[in-house]
Amino acid sequence: MRFSEYFNDWLYGADGYYQNFKTIGKGGDFFTAVSTSKFFGGSIAKYIIKTIDDGFLSPNATVLEIGAHQGYLLADIIEFINTLQPKLLETLKFAIVEKHENLRQIQKQYFENSFGGAVNVSHFATLNDAKLDEAFVVANEIFDAFACELVWTKDEKLFRAEIQNHTVSWVDADDSLIDICKRHKITKGEVIIGVDDFAQTLAQNIGRFEFLTFDYGELYPRNDFSVRIYKAHTVHPLFEENLKLEDFFKSSDITFDVNFSMIVESFEKAKISKHYYATQLKALVEMGITELLEMVLKHAGETAYLREANKVKTLLNPIGMGERFKAIAFRKEG
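Peer 1: What is the right way to read the overall build of the protein from this model?
Peer 2: Helix and strand counts for the protein stand at twelve helices and 15 strands. Taking 334 residues into account, the globule formula puts the C-alpha radius of gyration at 20 Å, and the protein, at 20 Å, falls close to it. In terms of its C-alpha atoms, the protein occupies a principal-axis envelope of roughly 60 × 45 × 35 Å. Looking at the protein residue by residue over its 334 residues, the buried ones come to 52%. Across the protein, contacts joining residues at least 24 apart in sequence account for 80% of those joining residues at least 6 apart. Put simply, the protein shows about 15300 Å² of open surface, and 50% of that area lies on carbon and sulfur atoms.

Listed below in structure tokens is the structure:
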């Protein structure tokens, strides 16, 4: 089978890694910005408020999360909106796109435990169900979980990966894959699949929106393999010597670095314009994460400030998440 099919089966097939709830953080296979600090969601909340204050979205917009896992990020956003501009909770609507019923129930319980009946969060089974006039759409680390093809060039000829019995072999790349690689100057590495359909679905279902995501990658191809497996916070490159894929299949996370130039191309084809691109460090600082920490110091004291500042340092560390992760935002006018 094609590597993209194998990748999809690994994460989303029967008993796939993401078919059931997975712990994120110290007790899981990996950390995310959300599991590191609530101030990640707080910074996004501050940015959403600015987007409304600037007039791009109205106070009646929907804050929509795609890929919400347990619901921590959206809950953090709601909590900080309530702190920073509580009147917006009277007008804003909140929703999640989640196709798995078991995860929807986990999310509903988490919001009930967090807010009681004070905040209503709607659920859509698919993005096609989310018929909205205007929205702020957040989807943290979504594109590294899209399927990808693996390509490799030898003697100026492009090959793609096939998988048989958890073993990689190489066959001639098809014309469409060759065309993509030529456009994006990819000679070796990953080619993300499915972003065209995702962007078109967003554009067709939401009238006016800003879409924001954070992910690891660059705005150009690495031209090397980044695809890797995370198991109990240990990283295994796919082509690691003596690695047996069957030992990790469906029981661990598999991911790769995002080539953001391909994301931009797909969104622009759907008439969605790139609004912003920066490192996570730069983006979170510009969104106001340090100002939020100053509020903690002022209202909760030095001990609380130091506790939260240490967590935020992980998000901003220039030799870690701060530079490795990028923020990219797109806008579609109504």
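Peer 1: I tried to follow helix α10 (residues 289-300) on my own but got confused; where do I start?
Peer 2: Note that an α-helix has 3.6 residues per turn; residues three or four places apart therefore point the same way. Between the first and last C-alpha of α10 there are 16 Å, a value that for twelve residues agrees with the 16 Å anticipated at 1.5 Å per step. Of the positions making up α10, those classed as buried are Ile-289, Leu-292, Leu-293 and Val-296. Taken down its axis, α10 places every buried residue within 100 degrees of arc, on the same side. What points out from α10, more than 90 degrees from its buried face, is the exposed set Glu-294, Lys-298 and His-299.

Peer 1: Looking at this structure, how should I read the sheet that holds strand β11 (residues 234-237)?
Peer 2: The strands that make up a sheet are held in pairs by hydrogen bonds between backbone atoms, and each pair lies either parallel or antiparallel. Overall, antiparallel pairing links the three strands, which are arranged β11-β10-β12 in an open sheet. Whereas interior strands pair on both sides, the edge strands pair on one side only; in this sheet they are β11 and β12 (253-255). Adjacent strand axes in the sheet meet at a mean angle of 25 degrees when their direction is disregarded. In this structure, strand β10 (residues 228-231) lies alongside β12, joined through three bridges in antiparallel fashion. For Tyr-230, the partnering residue across the bridge sits in β12 and is Asp-253. Sheet strands touched by helix α1 (residues 3-12): β10 and β12. Its angle to β12, the strand with the most contacts, is close to 145 degrees.

Peer 1: Got a minute to help me understand the environment of Leu-219 in this structure?
Peer 2: By the element assignment, Leu-219 lies in the loop between β9 (206-218) and β10. By relative accessible area, which is 34% here, Leu-219 ends up partly exposed. Put simply, Leu-219 and Ile-263 are 44 residues apart on the chain and 9.1 Å apart in space, counted from C-alpha to C-alpha. In this view, Leu-219 contacts Asn-259, Phe-260, Ser-261, Val-264 and Tyr-277; residues no more than four positions away in its chain are not counted.

Peer 1: For this particular structure, what's the right way to read the pattern of salt bridges?
Peer 2: Pairs can form between side chains of opposite charge whenever their charged atoms are close. Within this structure, the stated rule accounts for 24 salt bridges. For Lys-38, the salt bridge identified is with Asp-76, shortest N-O distance 2.9 Å. In this pair, Lys-38 sits in helix α3 (residues 38-53) while Asp-76 sits in helix α4 (residues 72-84), placing the two residues 38 residues apart along the sequence. On the basis of relative accessibility, which here comes to 35%, the residue Lys-38 falls in the partly exposed class. When its relative accessible area of 4% is taken as the criterion, Asp-76 is described as buried. Among the salt bridges present, the one from Asp-179 reaches Arg-183, with a minimum N-O distance of 2.5 Å. Within this pair, Asp-179 and its partner Arg-183 are both found in helix α6 (residues 175-183), separated by four residues, close to a single helical turn. Members of the salt-bridge network, linked through shared partners, are Arg-2, Glu-149, Arg-160, Glu-162 and Asp-174.

Peer 1: Sorry, what's going on with the packing of α4 against helix α5 (residues 101-115) here?
Peer 2: Each pair of packed helices can be described by the angle between their axes along with the distance between the axes. One can describe the packing of α4 onto α5 by two numbers: an axis separation of 10 Å at closest approach and a directional angle of 25 degrees. For the element pair α4 / α5, the angle class is roughly parallel. Between α4 and α5 lies a crossing whose hand is right-handed. Contact residues: Tyr-72, Leu-74, Ala-75, Ile-78 and Glu-79 in α4; Tyr-110, Phe-111 and Phe-115 in α5. Taken together, the residues of the contact of α4 with α5 sort by class into seven nonpolar, no polar and one charged.

Peer 1: Is there a simple way to think about the state of the cysteines in this case?
Peer 2: What is meant by a disulfide is a covalent connection between two cysteines, made through their sulfur atoms. All chains considered together, the criterion is met by zero disulfides. Of the cysteine sulfurs around Cys-148, a residue in no disulfide, the closest is that of Cys-181, at 12 Å.

Peer 1: Mind showing me how you'd approach unusual backbone geometry here?
Peer 2: Most peptide bonds adopt trans geometry, and most residues besides glycine take a negative phi value. With a phi angle near 65 degrees, Glu-156 is a residue other than glycine that sits in the positive phi range. Taking the relative accessible area as the measure of exposure, Glu-156 reaches 82% and is therefore exposed. Phi angles above zero are rare outside glycine, and Asn-242 is one such case at about 70 degrees. Structurally, Asn-242 can be placed in the loop between β11 and β12.

So, how was this worked out
- Residues numbered from 1 in each chain as written.
- Predicted model: local features only at pLDDT ≥ 70, side-chain atom pairs only at ≥ 80, totals over all residues.
- Heavy atoms only, no water.
- Helix = DSSP H or I, 4+ residues; strand = E, 2+ residues; numbered from the N terminus.
- Rg over C-alpha atoms; globule rule 2.2 N^0.38 Å.
- Buried < 20%, exposed > 50% of the residue type's maximum accessible area, 1.4 Å probe, protein only.
- Contact = heavy atoms within 4.5 Å.
- Areas by Shrake-Rupley, 256 points an atom, 1.4 Å probe, with all protein chains shown as cover.
- Expected span 1.5 Å × (residues − 1).
- Arc of directions from axis to C-beta.
- Pairing = 2+ DSSP bridges.
- Axes fitted to C-alpha atoms, helices over the stretch in contact; angles between N-to-C directions.
- Salt bridge = Lys/Arg side-chain N within 4 Å of Asp/Glu carboxyl O.
- Parallel < 35°, antiparallel > 145°, perpendicular 65-115°, else oblique.
- Left-handed = near helix turned anticlockwise from the far one by under 90°.
- Nonpolar A, V, L, I, M, F, W, Y, C, P; charged D, E, K, R; others polar.
- Disulfide = S-S within 2.5 Å.

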